[in-house]
Amino acid sequence: MRRILLSTIKILVSAALLYLALRKVNLSELGSRIDVASLGWIGMAIAVTFLQIFVGVLRWREISAECGAPLATKQAMRFNLIGTFFNQTLPSSIGGDAVRLWLVARSGAGWRAATYSIFVDRAIGLIALAVIIVASLPWSYSLIRDSHGRSALLFVDFAALAGGMGFLVLGRLPWPWLKRWWGTHHLYACSVIANRVIFSRERGPKVVVLSLLVHVLAVVIAWCVVQSIAAPVVFSQIFQLVPPVMLITMLPISIAGWGVREATMGLAFGYAGLAANEGVNISLLFGAVSFIVGAFGGLVWVFSAEKAAQGTAPIEVPE
């Protein structure tokens, strides 16, 4: 019942925010701007999305190995594509991360190692995104002239950065009770693993570069979408606006970020003195690209050995 309630709330949030965002958009006008050249740029965005997933796979492999859940590249790519399907196309309580966790655990790694690998992977990705936004603040702060927009940008980014840094510091604290108390035991263990991965001479540089590249590729995807509709936006503006939007979209309050992404992108464009409707247009097409890739992941799931073994039984993930 709790899962059904959470899913219902997310659907309602997505629907409400999409309704508010779409009031700024003329969908027929947007459709008229899509031609053969546009489809080429959309195809490029889809290709870059697959590349982004692969880069994420390379990072996840390094982290999973440190967690005691080693994955082959082909296996990890398959799991990530299936996770994308569940993230993007299904309004269910079983999200992509939960399905990846289930797949890794069922492959022999066990629930603990699988959970740690997913959590640490997400945490490191969040820290990398916050670092990118902080590094670009001198430029994005001058781009966003609205005082409310500047305050929101600073609050969201430094909150994420403080949370990420606090997570890493936790694993370096010498207090024995952190390892024993049920409320901190698993979080502390994940923090220790994250520190080992990031500050490892062998894995650290590779994980850092891959983490930053994942988010840079998200900007490239958005830029391909911009080009597909010839939106009056330059690459530097997209680079400054997309990462904060992606950070806010990570909040688990909607279905696959739908609604949150559109509303936030429109707001960010407005704060930057750009056309808010163009921000929503770009966000809608960005979401469409993710949906198409997720649909491909659905085919991977339908023909997977795990699906055949599971049959019609529901996927159960420990709470």
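Residues numbered from 1 in each chain as written. Predicted model: local features only at pLDDT ≥ 70, side-chain atom pairs only at ≥ 80, totals over all residues. Heavy atoms only, no water.

Across its full length, the protein chain holds 15 helices and 0 strands. Its C-alpha radius of gyration of 20 Å places the protein chain within 12% of the 20 Å reference for a compact globule of 319 residues. Burial analysis of the protein chain (319 residues in total) assigns 50% to the buried set. Within the protein chain, residue pairs in contact and separated by at least 24 positions form 70% of the contacts whose partners lie at least 6 positions apart. Working note: accessible area of the protein chain is about 15,200 Å², and carbon and sulfur atoms make up 70% of it. (Helix = DSSP H or I, 4+ residues; strand = E, 2+ residues; numbered from the N terminus. Rg over C-alpha atoms; globule rule 2.2 N^0.38 Å. Buried < 20%, exposed > 50% of the residue type's maximum accessible area, 1.4 Å probe, protein only. Contact = heavy atoms within 4.5 Å. Areas by Shrake-Rupley, 256 points an atom, 1.4 Å probe, with all protein chains shown as cover.)

It is characteristic of soluble globular proteins that their nonpolar side chains tend to be buried jointly. Formed by 66 residues in total, the largest nonpolar core has its most connected members in Val233, Ile238, Leu241, Phe269 and Ile282. Per-element accounting of this core gives the leading share, 9 residues, to helix 11 (residues 204-228). When neighbours within four sequence positions are excluded, Val233 is seen to be in contact with Trp223, Val226, Ile238, Phe269, Leu274 and Ile282. In this structure, Tyr116, Leu168, Ile193 and Val197 belong to the second largest nonpolar core, which totals 16 residues. (Core = buried A, V, L, I, M, F, W, Y, C linked by side-chain atoms within 4.5 Å.)

What the second largest pocket holds in volume is close to 420 Å³. Taken together, 25 residues line the second largest pocket, and the ones lying closest to its centre are Ile248, Thr264, Leu267, Ala268 and Tyr271. When contributions to the lining of the second largest pocket are tallied by element, the ones reaching two or more residues are helix 1 (2-22), helix 8 (147-170), helix 12 (235-249) and helix 13 (260-271). Here the lining of the second largest pocket takes 8 residues from helix 13, the largest share from any one element. (1 Å grid on protein atoms, 1.4 Å probe; cavity = no way out; pocket = protein on both sides within 12 Å on 5 of 7 lines; lining within 4 Å. Points joined across faces, edges and corners; volume = space filled by probe spheres on them.)

What follows concerns helix 5 (residues 96-109). The end-to-end C-alpha distance of helix 5 is 18 Å, a good match for the 20 Å that 14 residues give at a rise of 1.5 Å each. Gly110 occupies a position one or two residues after helix 5 and carries a positive phi of about 95°. (Expected span 1.5 Å × (residues − 1).)

Moving on to the pattern of salt bridges. For the structure shown, the criterion picks out 12 salt bridges. With a closest N to O distance of 3.3 Å, Glu62 and Lys206 form a salt bridge. With Glu62 in helix 3 (residues 36-66) and Lys206 in helix 11, this residue pair connects regions lying 144 residues apart in the sequence. On the basis of relative accessibility, which here comes to 42%, the residue Lys206 falls in the partly exposed class. The residue Asp121 makes a salt bridge to Arg100 at a minimum N-O spacing of 3.8 Å. (Salt bridge = Lys/Arg side-chain N within 4 Å of Asp/Glu carboxyl O.)

What follows deals with the state of the cysteines. For the structure on display, the rule yields 0 disulfides. No disulfide involves Cys67; its nearest neighbouring cysteine sulfur is the one of Cys190, lying 6.9 Å away. For Cys67, a relative accessible area of 12% puts it in the buried group. Taking relative accessible area as the criterion, Cys190 reaches 4% and is therefore assigned buried. (Disulfide = S-S within 2.5 Å.)

Moving on to the packing of aromatic side chains. The full count for this structure, using the stated rule, is 10 aromatic pairs. Seen from their ring centres, Phe85 and Phe86 are 5.1 Å apart, and the 75° between their planes marks the pair as edge-to-face. According to the relative accessible area criterion, Phe85 is buried, its value standing at 16%. The buried category is assigned to Phe86, whose relative accessible area is 9%. These aromatic residues form a ring-pair network of at least three members: Phe85, Phe86, Trp102 and Trp301. Residue placement shows Arg150 over the ring face of Tyr141; its charged tip is 4.3 Å from the ring centre. Positioned above the aromatic ring of Trp258 is the side chain of Arg261, whose terminal nitrogen or guanidinium carbon lies 4.6 Å from the ring centre. (Phe/Tyr/Trp six-rings, centres within 6.5 Å; stacked < 30°, edge-to-face > 60°. Lys NZ or Arg CZ within 6 Å of the ring centre and 35° of its normal.)

Another aspect to go through is the confidence of the model for the protein chain. Residues of the protein chain with pLDDT of at least 70 account for 94%, and the chain-wide mean is 87. The least confident element of the protein chain is helix 1, whose mean pLDDT is 76; the most confident is helix 11, at 95. (pLDDT = per-residue confidence, 0-100.)

For Leu178, the location among the structural elements is in helix 9 (residues 177-180). Note on Leu178: relative accessible area 2%, which makes it buried. Through-space distance from the C-alpha of Leu178 to that of Ala189 is 9.1 Å; in sequence the pair is 11 residues apart. Excluding residues that lie within four positions of it along the chain, Leu178 makes contacts with Leu170, Leu173, Thr184, His185 and Tyr188.

The grouping of Trp175, Trp177, Trp181 and Trp182 at the surface amounts to a nonpolar patch, some 570 Å² of accessible area in total. Take Trp175: it is sitting in the loop between helix 8 and helix 9. Residue classification places Trp175 among the partly exposed positions, given a relative accessible area of 44%. (Patch = residues over 30% accessible without salt bridge, like charges linked within 9 Å, V, L, I, M, F, W, Y side chains within 5 Å.)

This part is about the side chain of Arg59. Of note, Arg59 is situated in helix 3. With relative accessibility at 8%, the residue Arg59 sits in the buried group. Not counting residues within four places of it along the chain, the set of residues in contact with Arg59 comprises Asp121, Gly125, Val207, Leu210 and Ser211.

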